[in-house]
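# Structural features, examined
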Amino acid sequence: MSNALYPGSFDPVTLGHLDIIERASRQFDQLFIGVIHNINKHNFFTLPERIALMKEATQHLENITVVSFEGLSVACAKKYSANILIRGLRAISDFEYELQIASTNKQIAPEVETFFLMSKTEYSYVSSSLVKELAFYQADVNMYVPPCVSTAIVAKQGEKSDV
Ligand code: ADP
């Protein structure tokens, strides 16, 4: 039985994340997706919204469990008996940050390995920040996110313009 955890903010989940999830889900019995609850970070979508969107975006996959956690990814991994952390790498700019996290995690939890999947070329520049920036200017984000996220963004824009 091999379990893996893919931790992230997923604010919101993009097609880049989804590609990593689909590819990782084929390699493990269970893939846990850990949506990070960081009280110090201001998110566009609330934690319950990010969880609901992730569940909807991954409902076609059978071995996915969406969970949320606060604190260390390795602690969350241990909680779900996952000895592998999944991270995605886009451009070289991701490398330094990811190396820092992976090295720290290795130090504090040597039994947990980090596996990196390279982004699909067409999603190598896609990020949640890019999507939020476009959404802020009411631009179309359909080509970067699953349909449930596009709908949720439009709904949020509606809420904001009602205020
Ligand atoms: P975090 O706040 O932990 O960086 P993100 O939701 O931004 O959370 O990203 C989670 C993981 O997904 C990170 O490893 C990030 O590099 C990876 N990732 C983000 N966007 C993409 C993409 N377009 N293609 C592949 N991996 C990605």
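Now for a quick tour of the structure. (Residues numbered from 1 in each chain as written. Predicted model: local features only at pLDDT ≥ 70, side-chain atom pairs only at ≥ 80, totals over all residues. Heavy atoms only, no water.)

## Points about the nonpolar core
In terms of nonpolar packing, the biggest core is built from 35 residues, with Ile21, Leu31 and Ile86 touching the most fellow members. Those elements giving two or more residues to this core turn out to be β1 (3-8), α1 (15-25), β2 (30-36), α2 (47-57), β3 (64-69), β4 (84-89), α5 (128-136) and α6 (147-162). Beyond its immediate sequence surroundings of up to four residues, Leu31 is in contact with Ala4, Leu5, Tyr6, Ile21, Ala24, Ser25, Asn63, Ile64, Thr65 and Ile86. Counting residues in hydrophobic clusters, the runner-up holds 11 residues, among them Leu5, Val74, Ala77 and Ala109. (Core = buried A, V, L, I, M, F, W, Y, C linked by side-chain atoms within 4.5 Å. Buried < 20%, exposed > 50% of the residue type's maximum accessible area, 1.4 Å probe, protein only. Helix = DSSP H or I, 4+ residues; strand = E, 2+ residues; numbered from the N terminus. Contact = heavy atoms within 4.5 Å.)

## So, the pairing of β1
On a regular strand, each side chain points to the face opposite its neighbour's, so the side chains alternate between the two faces of the sheet. Counted residue by residue, β1 has 6 buried out of 6 residues, so it is predominantly covered. Residues of β1 alternate between two faces, with Asn3, Leu5 and Pro7 on one and Ala4, Tyr6 and Gly8 on the opposite face, all of them buried. As paired strands, β1 and β2 are joined by 6 bridges and run parallel to one another. In the strand pairing of β2, Leu5 is matched with Phe32. Regarding the hand of the β-α-β motif, the stretch spanning β1, α1 and β2 is right-handed. Inspection of the sheet shows β1 paired to β4 by 2 bridges, in the parallel sense. (Pairing = 2+ DSSP bridges. Right-handed = clockwise from strand over helix to strand, strands pointing away.)

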